[in-house]
Amino acid sequence: MKVLGIIPARYGSTRFEGKVLADLCGKPVVQYTWERSRQSKLLDELIIATDDKRIYDRVRAFGANAVLTSSAHKTGTDRLKEVVQSIEADIVVNIQGDEPFLHPSMIDDVVFPLLRDKSLVMATLCHKIKDLEDLNDPNIVKVVFDKKGFALYFSRSPIPSTFNLQPSTFYFYKHIGIYAYTKDFLFTITSLPQSKLEKLERLEQLRPIENGYKIKVIETKFDTIGIDTPEDLEKAKEKLKT
């Protein structure tokens, strides 16, 4: 089975415009993501998909395979759909361009369940939250899942409730926005209209759940620092220096 990795990269981010090209200790943020993604053992091909010529030229300069896509797409998933229409692939991996600390094995972890179990159509990752500050940060998405590891809900708010919070009941997971889909399912979810919960939470992964589809959630031992704000960029610079 062919596994295609795509890094959607747009310039017009609401909270931090041009963040994928922001300088992080001598390299643009997206270059770190690309370099780490290339080390995955399961990816057969890796593409950066962007709607901006500035990003396209920059990533081509450091050697990435890049494609220019429409600027009309509302989500990164829609951008993926345009790219894969003309490419043969069985599994498509959506890798966020603003994750410079992505560990290559995280890609393999999200792909492997779809290779092993043909009934699965979509998978993503989570990491256990250990800090209350992260729990209350709306930029850090939380996820809850059932006993079989299928997502029940994603939210920017703390879930489950912190009403009876005790050290022994600290059961919270951060969602890490790497997704693997079968190619057919990618076309299915992008054909659906935006759902009510998706709009409320501003989380497109709620669309398949609200339409009755299952997302397998795999816990990873690795954490990431996504670059959502200029403050995140400064934290990333400090981390690279240590």
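You'll find the structure just up there.
Calculation notes
- Residues numbered from 1 in each chain as written.
- Predicted model: local features only at pLDDT ≥ 70, side-chain atom pairs only at ≥ 80, totals over all residues.
- Heavy atoms only, no water.
- Helix = DSSP H or I, 4+ residues; strand = E, 2+ residues; numbered from the N terminus.
- Rg over C-alpha atoms; globule rule 2.2 N^0.38 Å.
- Buried < 20%, exposed > 50% of the residue type's maximum accessible area, 1.4 Å probe, protein only.
- Contact = heavy atoms within 4.5 Å.
- Areas by Shrake-Rupley, 256 points an atom, 1.4 Å probe, with all protein chains shown as cover.
- Lys, Arg positive; Asp, Glu negative; His and termini not counted.
- Charge placed at Lys NZ, Arg CZ, Asp CG, Glu CD.
- Salt bridge = Lys/Arg side-chain N within 4 Å of Asp/Glu carboxyl O.
- Polar contact = N/O pair within 3.5 Å; in protein donor to acceptor, adjacent residues only side chain to side chain.
- Phe/Tyr/Trp six-rings, centres within 6.5 Å; stacked < 30°, edge-to-face > 60°.
- Core = buried A, V, L, I, M, F, W, Y, C linked by side-chain atoms within 4.5 Å.

A. Representation of the overall build of the chain in the model. When helices and strands are counted, the chain shows nine helices and eleven strands. Relative to its length of 242 residues, the chain is compact, with a C-alpha radius of gyration of 17 Å against a globular reference of 18 Å. Dimensions of the chain, computed from the C-alpha atoms along their principal axes, are close to 50 × 40 × 35 Å. Across the 242 residues of the chain, 53% fall into the buried class. Sequence separation of 24 or more characterises 69% of the internal contacts of the chain that already satisfy a separation of 6 or more. Accessible surface computed for the chain: about 12,000 Å², of which carbon and sulfur atoms make up 49%. For the chain, the separation between the mean place of its 36 positive charges and that of its 34 negative charges on side chains is 2 Å.

B. Representation of the side chain of Lys142. With respect to the helices and strands, Lys142 occurs in strand S8 (residues 142–145). Summary of buried charges: Lys142 has no salt-bridge partner, and the nearest side chain of opposite charge, Asp137, is 6.3 Å away. At a separation of 2.9 Å, a polar atom in the side chain of Lys142 contacts the main-chain carbonyl oxygen of Asp137.

C. Structural view of the packing of aromatic side chains. Counted under the stated rule, the structure contains six aromatic pairs. Where Tyr171 meets Tyr173, the ring centres are 5.4 Å apart and the plane angle is 80°; that geometry is what we call edge-to-face. Owing to a relative accessible area of 8%, Tyr173 belongs among the buried residues under this scheme. With 6.1 Å between their ring centres and 20° between their planes, Tyr179 and Tyr181 make a pair best called stacked.

D. Examining the side chain of Ser40 more closely. Tracing the backbone shows Ser40 in the loop between helix H1 (29–37) and strand S4 (45–50). Among the residues examined, Ser40 registers a relative accessible area of 9% and is labelled buried. Polar side-chain contacts of Ser40 include one of 3.3 Å to the backbone nitrogen of Leu43. Discounting residues that sit within four places of it in the chain, Ser40 has contacts with Pro104, Ile107 and Asp108.

E. How the structure looks around the nonpolar core. Counting residues in each nonpolar core, the largest one holds 34 residues, and the members touching the most others are Ile48, Val59, Val93, Ile95, Val110 and Ile178. Mapped by element, the contributors of at least two residues to this core are strand S1 (3–9), H1, S4, helix H2 (53–61), strand S6 (91–94), helix H4 (104–116), strand S7 (122–128) and strand S10 (173–182). Examining the composition of this core, we find that five residues originate from one element, H4, more than from any other. Apart from residues no more than four positions distant in its own chain, Val110 is found in contact with Val93, Ala123, Thr124, Leu125, Ile178, Tyr179 and Ala180. Leu4, Met122, Val143 and Leu203 belong to the second largest nonpolar core, which has 28 residues in total.

F. Structural detail: the environment of Ile176. Tracing the backbone through its elements, the reader meets Ile176 in strand S10. In sequence terms Ile176 and Asp223 are 47 residues apart; their C-alpha atoms lie 8.0 Å from each other. Excluding residues within four positions of it along the chain, Ile176 makes contact with Met106, Thr124, Leu125, Cys126, His127, Thr220, Phe222, Asp223 and Thr224.

G. Looking closely at H1. Counting buried positions over the nine residues of H1 gives seven, a clear majority of the element. Taken residue by residue, H1 has Val29, Val30, Gln31, Tyr32, Thr33, Trp34 and Ser37 as its buried positions.

H. Quick look at unusual backbone geometry. Residue Pro160 follows Ile159 across a cis peptide bond; omega there is -5°. Checked against the element boundaries, Pro160 lands in the loop between strand S9 (151–155) and S10. Even without being a glycine, Cys25 presents a positive backbone phi close to 55°. Tracing the backbone through its elements, the reader meets Cys25 in the loop between strand S2 (23–24) and strand S3 (27–28). A relative accessible area of 40% places Cys25 in the partly exposed class. The phi torsion at Arg202 lies on the positive side, around 60°, for a residue other than glycine. Here Arg202 is to be found in the loop between helix H7 (196–201) and helix H8 (206–210).

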